[in-house]
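# A look at the structure
The chain contents come next:
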Amino acid sequence: MSNLSEKLLGQGGQGAQGSRIKQNHINAQDQQRIAVIKSAILAEGDRIRAKYPILKHQDAIGMAILLVSMAGAMATGWAYLEGMLAWYITIPVIAIFLSFTHELEHDLIHYMYFRKNKFMHNLMMALVWLCRPSTINPWARRHLHLHHHKHSGTETDIEERAITNGERFTPLRLLMMLDLELSVVLRVFRIPKNRRLKMLMMGAAGNFPLASAFWVSFHAYVAYWAIEAAAWTVGYSVPWPAFIDAEFVAAANTVAVLIFAPNLLRSFSINFISSNMHYFGDIEDGNFVQQCQVLNSKWFIIPHLFCFNFGSTHGIHHFVVRDPFYIRQMTAKKAHAVMRENGVRFNDLGTFKRANRWSMKEKPQQEAGYQAA
């Protein structure tokens, strides 16, 4: 194999240039395909950077996107509080702004912004977490995500397993995508008893304090209205504590519109797309051709609206890590063409029946991966 191919396969680089992989895990044909795809994506990225010199100001662009997203979400919330927007407009608009901050967090995990300025880098990390309080600590997620790149689709890929990758597609899986706290609780009972406490402690540490506060508050809110609904059906009036008065409930409803619902809509969309565009269980470790499919069918327009077209462009990122999310959008047309020519699947909807398995014939393995997770 040529030096260029070895470089493209990640043998000579790491960090922002791409994950290192062991070639002996990958069949020879796909090794060549990976080299061709990487070369094409890198060349297109270089062409676009040369055409638009402003792209060299990557730190400034990232910070600008973050500030605009935060300002947009806050302005939308203000318009709702002033009675200028209905709740059913407010929720999706805020969720769209939040989707930008998710992409920024992902890029930050790969040190794409303020790599040489720790203060600014960590400030951005903190701000994107504040924008999405239902999510895991991004510094903790970094460890899981970089492992995901090294071993995507294997039993140790906890990041994707946590959002239901590899599960049979059932209503319960949909609920787990929506409520990650419920997902953790359900998984605890599927792993060996001697590892349950460790898993719970790791989860608690990763979620503290923002996600912990979010999920406790959200479940309390849901419980309140569930009890109220049950009581209403039998004509009973619940004797709530004095502080839970009409004003308190009205404030909680406002929090639901401005914080709970947008975060749940955004996170469900990214979890749905991400968990189903990644393959699981029967792929070669480190084989980028088999790790992801491209989901760009019109059927996914709605979830893509709330996760910035993730299913269409994230597969590009598995081949070339260096490019931030907005450049992946710009390289997508050329990247998709070479990816399709070299064996990457597009809109393989059968994966929903196969529990995300690569093989077209393999039956879903319901419990695979829990020993490792």
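Procedures and definitions
Residues numbered from 1 in each chain as written. Predicted model: local features only at pLDDT ≥ 70, side-chain atom pairs only at ≥ 80, totals over all residues. Heavy atoms only, no water. Patch = residues over 30% accessible without salt bridge, like charges linked within 9 Å, V, L, I, M, F, W, Y side chains within 5 Å. Areas by Shrake-Rupley, 256 points an atom, 1.4 Å probe, with all protein chains shown as cover. Salt bridge = Lys/Arg side-chain N within 4 Å of Asp/Glu carboxyl O. Helix = DSSP H or I, 4+ residues; strand = E, 2+ residues; numbered from the N terminus. Buried < 20%, exposed > 50% of the residue type's maximum accessible area, 1.4 Å probe, protein only. Contact = heavy atoms within 4.5 Å.

### Comments concerning a nonpolar patch on the surface
A contiguous nonpolar patch, built from Y52, I54 and M330 and spanning about 290 Å² of accessible area, is present on the exposed surface. Secondary-structure assignment places Y52 in the loop between α2 (28-51) and α3 (58-81). Looking at Y52, the relative accessible area reads 37%, which means it is partly exposed.

### What about the side chain of H148?
On the secondary structure map, H148 appears in helix α6 (residues 138-150). With a relative accessible area of 0%, H148 lands in the buried category. When neighbours within four sequence positions are excluded, H148 is seen to be in contact with D157, E159, E160, H278, H314 and H318.

### Looking at the pattern of salt bridges
Taken as a whole, this structure holds 13 salt bridges when the rule is applied. Among the ionic pairs, E103 bridges to R328, the shortest N-O distance being 3.5 Å. Remark: R328 occurs in helix α16 (residues 325-341) and E103 occurs in helix α4 (residues 87-109); sequence separation between them is 225 residues. A salt bridge links E105 to R132; its shortest N-O distance comes to 3.1 Å. Here E105, found in helix α4, pairs with R132, found in the loop between α5 (118-131) and α6; they are 27 residues apart in sequence, far enough to count as distant.

Just distances and angles here, no functional claims.
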